[in-house]
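The lines below spell out each chain.
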Amino acid sequence: MSIKKLETKTREHGLSLIEKGYAFFGALPNLRRTVTAICASDNLFPTKPQPSARNLATMKNFRLHIALFLVVLAAVIGFASFETGSSRGQSKDSKAESGVKPTILISDRQPDRAAENSSFSAASERNAVLMNELTWTFGGKQQRGWYLYNALINQTLNRTEDAGSKGFAAALAGWQQTTGLPGSGILEENTLMGIISEWQRNRLKDRTVAQPDQLLTAPASDFYDPERAPELRQVQRETYAAYKRLIAAAMAEPSLGLAHTPDGELAPTEKYLKIVSAFRSPEYQEQLRRQYPNAGSAGLATHSPHFTGRALDLYVGGDPVDTKDSNRAIQVNTPVYQWLVHNAEHFGFRPYFYEPWHWEYVK
Ligand SMILES: [Zn+2]
């Protein structure tokens, strides 16, 4: 086995850890719902028992009835004020979490253009800093800034703005409001988590291992490594057809300058958009785990989207599948990656934000 192949295998193995982050983020909205449900059920007081009521027949007992009624009434009033208090408490908490002042939300709704401009001016200045400095966690790793995701964020906002511009902040404020977040226009942690949750929700949900009849063996010429073994060139059938349609569209885009053959295939010399990795069987992952025991936790590979044959790692520049920020910074700025962000969805492919090379066919 060549050193190059060994490297590729090691890298493939390392992918699963971060890909697994999907499950965590997908669960977030559910978690919030569960917390709300628990709070709501905490407010349900048991009905007041009236043990002595059936023994009372006299006027004295009637007075007791009135006394009981008053007790129940007091309990109902107490219950109502408790409920109001707790819901107030919740909204206070959510504002504290977002770190956004409600005054910005109010000014966004004013027709006063000058006020709007000044508020988004502050937001855009904040975004220019947070873009490189926001600290957050993903896949158990501390992350810094969101500049690597500018293209994806703009795609979500349906814009093509500089992330430090007022137009970007205004578009972000609109997105925030559609998701119930304060429309500050500032891309802070809460908003970033919301955007990431949306991306993750759009990914493959069913990760059942592909059956042999669902797979085909793609020609070696489709692969980044033309010597890749046939058993590692399997792709789910519809995914492969969609990939070929995507490639045809990319080759027809002159600005990408993809080298191709007269019969419309990517040229042997062309590396961009070639497949680095497609279907990976659980057995193959297991084999990698045994070969490279220090490459990471093998358990993380048990639900890889690559098991479905619908996940494709495509070459988008730089080191093919290296998650270092410096490498991803190269990848997310290539014309091919930018084109994928804008166009892959038309062919049924959704991105995995953290790995610019990883695309999943979700149709
Ligand atoms: Zn992948």
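Since the model is a prediction, treat every value here as computed from it, not as a measurement.

Overview of the overall build of the protein chain
In step 1: Looking only at helices and strands, the protein chain has 12 helices and 8 strands in total.
In step 2: Sorting the 363 residues of the protein chain into buried and exposed places 31% on the buried side.
In step 3: When contacts within the protein chain are restricted to residue pairs at least 6 apart in sequence, long-range pairs at least 24 apart make up 65% of them.

Some points on the pairing of strand 2 (residues 141-144)
In step 1: Pairing of strand 1 (residues 135-138) with strand 2 involves 4 bridges; the strand directions are antiparallel. From the neighbouring strand, Trp 136 faces strand 2, where its bridge partner is Gln 143.
In step 2: Turn length for the strand 1-strand 2 hairpin, with the two strands adjacent in sequence and antiparallel, is 2 residues, and the turn residue Gly 139 shows positive phi of about 60°.

Section: the nonpolar core
In step 1: Judged by nonpolar contacts, the single largest core of 62 residues is most densely connected at Leu 246, Leu 273, Leu 314 and Leu 340.
In step 2: Ignoring anything within four residues of it in the chain, the contact list for Leu 314 reads Leu 273, Ile 275, Val 276, Trp 357 and Trp 359.

Details of unusual backbone geometry
In step 1: Backbone geometry at Asn 158 places phi at a positive 60°, although glycine is not the residue there.
In step 2: Tracing the backbone through its elements, the reader meets Asn 158 in the loop between helix 6 (150-157) and helix 7 (166-178).
In step 3: Look at Asn 158 and you get exposed, because 9 C-beta atoms sit within 10 Å.
In step 4: Backbone geometry places Leu 273, a non-glycine residue, at a positive phi of 70°.
In step 5: You can see Leu 273 is positioned in the loop between helix 9 (237-251) and strand 5 (275-277).

Thoughts on the sheet that holds strand 8 (residues 355-361)
In step 1: Spatially, 4 strands are ordered 5-6-8-7 in an open sheet, and the strand pairing comes out antiparallel. Looking at strand neighbours, the two that pair on one side only are strand 5 and strand 7 (349-352), the edges of this open sheet. Strand-to-strand twist of the sheet, defined as the mean angle between neighbouring strand axes without regard to direction, takes the value 45°.
In step 2: Note that strand 5 and strand 6 (residues 311-314) share 2 bridges and pair antiparallel. Within the sheet, the bridge partner assigned to Ile 275 lies in strand 6 and is Leu 314.
In step 3: Contacts from helix 9 reach strand 6, strand 7 and strand 8, with the element oriented near 125° to strand 8.

Looking at the packing of helix 6 against helix 12 (residues 335-343)
In step 1: Their axes nearest at 10 Å, the elements helix 6 and helix 12 cross at an angle of 25°. Considering their axes alone, helix 6 and helix 12 lie roughly parallel with respect to each other. In this structure, helix 6 crosses over helix 12, and the sense of that crossing is right-handed. Contacts between helix 6 and helix 12 involve Ala 151, Leu 152 and Gln 155 from the first element and Gln 338, Val 341 and His 342 from the second.
In step 2: In the contact of helix 6 with helix 12, the residues fall into 3 nonpolar, 3 polar and no charged.

Quick word on the environment of Tyr 147
In step 1: With respect to the helices, strands and loops of the structure, Tyr 147 is situated in the loop between strand 2 and helix 6.
In step 2: By C-beta crowding, Tyr 147 is classed as partly exposed, having 18 other C-beta atoms within 10 Å.
In step 3: Every residue in contact with Tyr 147, bar those within four places of it in the chain, is listed here: Met 131 and Asn 132.

With respect to the pairing of strand 8
In summary, the side chains of a regular strand alternate between the two faces of the sheet.
In step 1: Taken across its 7 residues, strand 8 has 6 buried, putting it largely inside the fold.
In step 2: Across 3 bridges, strand 6 lies against strand 8 in antiparallel orientation. Pairing of Asp 313 across the sheet is with His 358, part of strand 8.
In step 3: Inspection of the sheet shows strand 7 paired to strand 8 by 4 bridges, in the antiparallel sense. Bridge pairing in strand 8 places Arg 350 opposite Glu 360.
In step 4: Turn length for the strand 7-strand 8 hairpin, with the two strands adjacent in sequence and antiparallel, is 2 residues.

Quick word on the confidence of the model for the protein chain
In step 1: Per-chain confidence: the protein chain averages 77 in pLDDT, with 65% of residues scoring 70 or above.
In step 2: This model gives residues 1-59 a pLDDT under 50, and the stretch forms 57 contacts once residues within four places in sequence are excluded.
In step 3: Counting contacts from residues 76-111, a segment whose pLDDT is below 50, to residues more than four positions away or on other chains yields 29 contacts.

A short note on helix 8 (residues 189-201)
In step 1: Helix length check: helix 8, at 13 residues, gives a terminal C-alpha distance of 18 Å against a target of 18 Å (1.5 Å per residue), a fit within 8%.
In step 2: By the burial criterion, the buried members of helix 8 are Thr 191, Ile 195, Ile 196, Trp 199 and Gln 200.

Considerations on the environment of Pro 219
In step 1: Along the chain, the position of Pro 219 falls in the loop between strand 3 (215-217) and strand 4 (234-236).
In step 2: The class of Pro 219 is exposed, set by 11 C-beta atoms lying within 10 Å.
In step 3: On a C-alpha basis, the gap between Pro 219 and Pro 230 in space is 8.2 Å, while along the polypeptide they are 11 residues apart.

Things to note about the environment of Gln 214
In step 1: Topologically, Gln 214 is positioned in the loop between helix 8 and strand 3.
In step 2: You can call Gln 214 partly exposed: it has 18 C-beta atoms within 10 Å.
In step 3: C-alpha of Gln 214 to C-alpha of Gln 236: the two residues are 22 residues apart in sequence and 5.5 Å apart in space.
In step 4: Excluding anything up to four places from it in sequence, Gln 214 contacts Gln 236, Arg 237 and Gly 309.

Reading the values: rules and limits
- Residues numbered from 1 in each chain as written.
- Predicted model: local features only at pLDDT ≥ 70, side-chain atom pairs only at ≥ 80, totals over all residues.
- Helix = DSSP H or I, 4+ residues; strand = E, 2+ residues; numbered from the N terminus.
- Buried ≥ 20, exposed ≤ 12 C-beta atoms within 10 Å, placed from the backbone.
- Contact = placed C-beta atoms within 7 Å.
- Pairing = 2+ DSSP bridges.
- Core = buried A, V, L, I, M, F, W, Y, C linked by C-beta atoms within 7 Å.
- Axes fitted to C-alpha atoms, helices over the stretch in contact; angles between N-to-C directions.
- Parallel < 35°, antiparallel > 145°, perpendicular 65-115°, else oblique.
- Left-handed = near helix turned anticlockwise from the far one by under 90°.
- Nonpolar A, V, L, I, M, F, W, Y, C, P; charged D, E, K, R; others polar.
- pLDDT = per-residue confidence, 0-100.
- Expected span 1.5 Å × (residues − 1).

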